[in-house]
Amino acid sequence: MKDPHSDWFETCIAQLTASGTQRVWSVLVSIFGDLAQNETDQISGALITRLTGLAGIKSEATRVALHRLRKEGWIESTRSGRNSTHSLTAFGRAQSAAAVPRIYARETVRPETWHVLIADSSDGSRQELADLLLTGYYIPLSSTAAMAPGEAPEGIEDLFIVQSGDLSVPRWLRERCGPDALNEGYKQLLTRLRAVQESIPASGVGDPFQAAVLRVLIVHSWRRIVLRHPDLPSEFLPKAWKGPACRKVVFQILDRLPRPSIKALESALTG
């Protein structure tokens, strides 16, 4: 009789890819961002194919995604004979580094100061507010007002600015900061992560490629949801908000899957 525990890796992969919405280029961004963010880090094409293959991604799709990332300035590639290596460009490293504090923070930051920006009816004022909202850093309060943690950035010309550390957060704002659709995403991810947590052998993951793939897919799943909203303390969110519970499980699993070095993975690939 087949041991049901022997399929634990396939079970984990199925859980982490259950949404069916993973874009291959985005998974590659997570691979580089988690495993190869340093300027000197390079990943061979063979290793990328090995990792994406274990994640259920076909080699053709991986090649197309690598081409897209090169075209968009995220990665640069070098070729020697039939072998190729890939690394993040300065732009790619900057983009990845900007997201690191949000992705890998074990606790939500609790800012001491908040600022509110208010626009009037003029085109210039509304446009300045609209441009700031595009950064994803601001919480829209109305069609003419938004707020964000910390002090207001310099150079704002057409907006009224109020800064304070003493705020009262009404229910309507908590619901706006933590909408049902986003909380449902956290609930679904939490369910899948708990299934992964229960499936991973108590003795650990001995295969370095399996460990690397599980780690990357967990970081990828977490990145896709945590970057969809500003980093907010609990008083800005509904009582049933699942973000903190999800964060806790993410890091419980990652602590069991230490980040492997590219050198070790490349050696295991050729060994």
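Residues numbered from 1 in each chain as written. Predicted model: local features only at pLDDT ≥ 70, side-chain atom pairs only at ≥ 80, totals over all residues. Heavy atoms only, no water.

Draft legend 1. Region of the structure containing the sheet that holds strand β5 (residues 139–142). Taken together, four strands build an open sheet; the order of strands is β5-β6-β4-β7 and the sheet is antiparallel. The open sheet has two free edges, formed respectively by β5 and β7 (160–164), since each of these has just one partner strand. Within the sheet, the average angular offset between the axes of one strand and its neighbour, ignoring direction, is 25 degrees. Packed on one face of the sheet, helix α6 (residues 123–133) meets β4 (114–118), β5 and β6 (145–149) and runs near 40 degrees to β6. (Pairing = 2+ DSSP bridges. Helix = DSSP H or I, 4+ residues; strand = E, 2+ residues; numbered from the N terminus. Axes fitted to C-alpha atoms, helices over the stretch in contact; angles between N-to-C directions. Contact = heavy atoms within 4.5 Å.)

Draft legend 2. Inspection of the confidence of the model for the protein at higher detail. Residues with a pLDDT of 70 or more make up 97% of the protein, whose mean pLDDT is 91. Here residues 1–5 scores under 50 on pLDDT; set against residues more than four positions off or in separate chains, the count is one contact. (pLDDT = per-residue confidence, 0-100.)

Draft legend 3. Focus on the packing of aromatic side chains. The final tally for this structure, using the stated rule, is six aromatic pairs. Arranged with centres 5.1 Å apart and planes meeting at 70 degrees, the rings of Tyr186 and Trp241 form a pair that is edge-to-face. With Tyr186 in helix α8 (residues 180–199) and Trp241 in the loop between α9 (208–226) and α10 (243–254), this residue pair connects regions lying 55 residues apart in the sequence. Three or more aromatic residues joined by ring pairs form one cluster here, namely Tyr186, Trp222 and Trp241. (Phe/Tyr/Trp six-rings, centres within 6.5 Å; stacked < 30°, edge-to-face > 60°.)

Draft legend 4. Up close: the sheet that holds strand β3 (residues 83–88). Strands sit in the order β1-β3-β2 across an open sheet of three strands; the sheet is antiparallel. Every interior strand has two partners, whereas the edge strands, β1 (43–44) and β2 (75–80), have only one. Sheet topology note: the β1/β3 ladder contains two bridges and is antiparallel. In the sheet register, Ile43 faces β3, and the bridge partner there is His86. Along the sheet, helix α2 (residues 24–35) makes contact with β1, β2 and β3, crossing β3 at roughly 75 degrees.

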